[in-house]
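# Topology and contacts: notes
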Amino acid sequence: MKFPLYIVFAFSVLFLSFCKKETKTVLPVLSQKEKNQIADRDSIIDYAKKYLGTPYLYAGNDPQKGFDCSGFVSYVFKNFNVSLPRSSNSYKNLGVALDPEDFKVGDILVFYGYKDRTVVGHLGIICEADGMHSKFIHASSGKVNSVTITALDTEHYTKRFYKCINVLSK
């Protein structure tokens, strides 16, 4: 009687070895707040990108006329009910500096002026987060003279980097 039992057991093992194993991918569970924050950050960048190519205009904060860096940043965030200073120098003491590994899309990069390292002279919004290799969107008075996307790791901006701040969550 044991012989048929061995055959059934062997057949079962053989049969199961040909069955497809179902694997489940476990995704992290995000709270509603985290889901909204991700959507908000992506929405901010999508909105900011609508203004790529808008001319640079000193003290400008109107897409019909042009933007300066702080005018662009405040204009973009105002659309999402985030009130920010209109002057770049007002960002010197705003927020807590983030470590590069904590940079996120939608965080604000703060730079010293290119002539004076005691005064904040430029701002941008991270649109691709990768620490000190991130890319940011900003109103540039440089060669492009418009809203553009630039790599943070260019020598011009690396030398002037002051800090990165998160203005979207406490």
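Scroll up a little and you will see the structure.
In short, a report on the structure. What you see is a predicted model, and the numbers here were worked out from it, not measured in a lab.

## Notes on the sheet that holds strand S6 (residues 147-151)
Strand order across the open sheet formed by 5 strands is S6-S5-S4-S3-S7, with antiparallel pairing between neighbours. With partners counted over all chains shown, the strands left at the sheet margins are S6 and strand S7 (161-165), one partner each. Recorded for the sheet is a direction-independent mean angle of 30° between the axes of neighbouring strands. Relative to strand S5 (residues 135-139), strand S4 (residues 120-128) is paired through 3 bridges, and the arrangement is antiparallel. The residue of S5 that forms the bridge with Ile126 is Phe136. Helix H3 (residues 69-78) rests against strand S3 (108-112), S4, S5 and S6 of the sheet, and its axis sits at about 45° to S4.

## What about the pattern of salt bridges?
In this structure the tally under the stated criterion is 3 salt bridges. Note that Asp107 and Arg41 form a salt bridge whose closest N and O atoms lie 3.1 Å from each other. Residue Asp107 is found in the loop between H3 and S3, and its partner Arg41 is found in helix H2 (residues 32-49); the two are separated by 66 residues along the sequence. The residue Asp68 makes a salt bridge to Arg86 at a minimum N-O spacing of 3.2 Å. Linking Asp68 in the loop between strand S2 (66-67) and H3 with Arg86 in the loop between H3 and S3, this pair joins segments that are 18 residues apart in sequence. Residue classification places Arg86 among the partly exposed residues on the basis of a relative accessible area of 29%.

## Considerations on the nonpolar core
One broad trend across soluble globular proteins is that nonpolar side chains are buried collectively. With 24 residues, the main nonpolar core has Phe72, Val73, Phe77, Tyr91, Ile108, Leu123 and Ile125 as its most contacted residues. Breaking this core down by element, the ones donating at least two residues are H2, H3, S3, S4 and S5. Top element by residues in this core is H3. It accounts for 5 residues. With residues near it in sequence (within four places) discarded, Val73 still touches Leu84, Tyr91, Ile108, Leu123, Gly124 and Ile125. Counting 9 residues, the second-largest nonpolar core is a separate cluster that includes Ile126, Leu152, Phe161 and Cys164.

## Details of unusual backbone geometry
Even without glycine at this site, Ala59 takes up a positive phi of about 65°. One can find Ala59 in the loop between H2 and strand S1 (61-62). You will see that Asn145, though not glycine, has its phi angle at about 50°, which is positive. Here Asn145 lies in the loop between S5 and S6. Accessibility expressed as a relative area gives 37% for Asn145, which makes it partly exposed.

## Looking at the layout of surface pockets
Here the largest pocket defines a volume of roughly 510 Å³. As for the largest pocket, its lining consists of 27 residues, and the residues nearest its centre are Tyr56, Gly121, His122, Ser141 and Arg160. If you list the elements that add at least two residues to the lining of the largest pocket, you get H3, S4, S5, S6 and helix H4 (155-160). The residue makeup of the lining of the largest pocket, split by class, is 10 nonpolar, 13 polar and 4 charged.

Rules used in this analysis
Residues numbered from 1 in each chain as written. Predicted model: local features only at pLDDT ≥ 70, side-chain atom pairs only at ≥ 80, totals over all residues. Heavy atoms only, no water. Pairing = 2+ DSSP bridges. Helix = DSSP H or I, 4+ residues; strand = E, 2+ residues; numbered from the N terminus. Axes fitted to C-alpha atoms, helices over the stretch in contact; angles between N-to-C directions. Contact = heavy atoms within 4.5 Å. Salt bridge = Lys/Arg side-chain N within 4 Å of Asp/Glu carboxyl O. Buried < 20%, exposed > 50% of the residue type's maximum accessible area, 1.4 Å probe, protein only. Core = buried A, V, L, I, M, F, W, Y, C linked by side-chain atoms within 4.5 Å. 1 Å grid on protein atoms, 1.4 Å probe; cavity = no way out; pocket = protein on both sides within 12 Å on 5 of 7 lines; lining within 4 Å. Points joined across faces, edges and corners; volume = space filled by probe spheres on them. Nonpolar A, V, L, I, M, F, W, Y, C, P; charged D, E, K, R; others polar.

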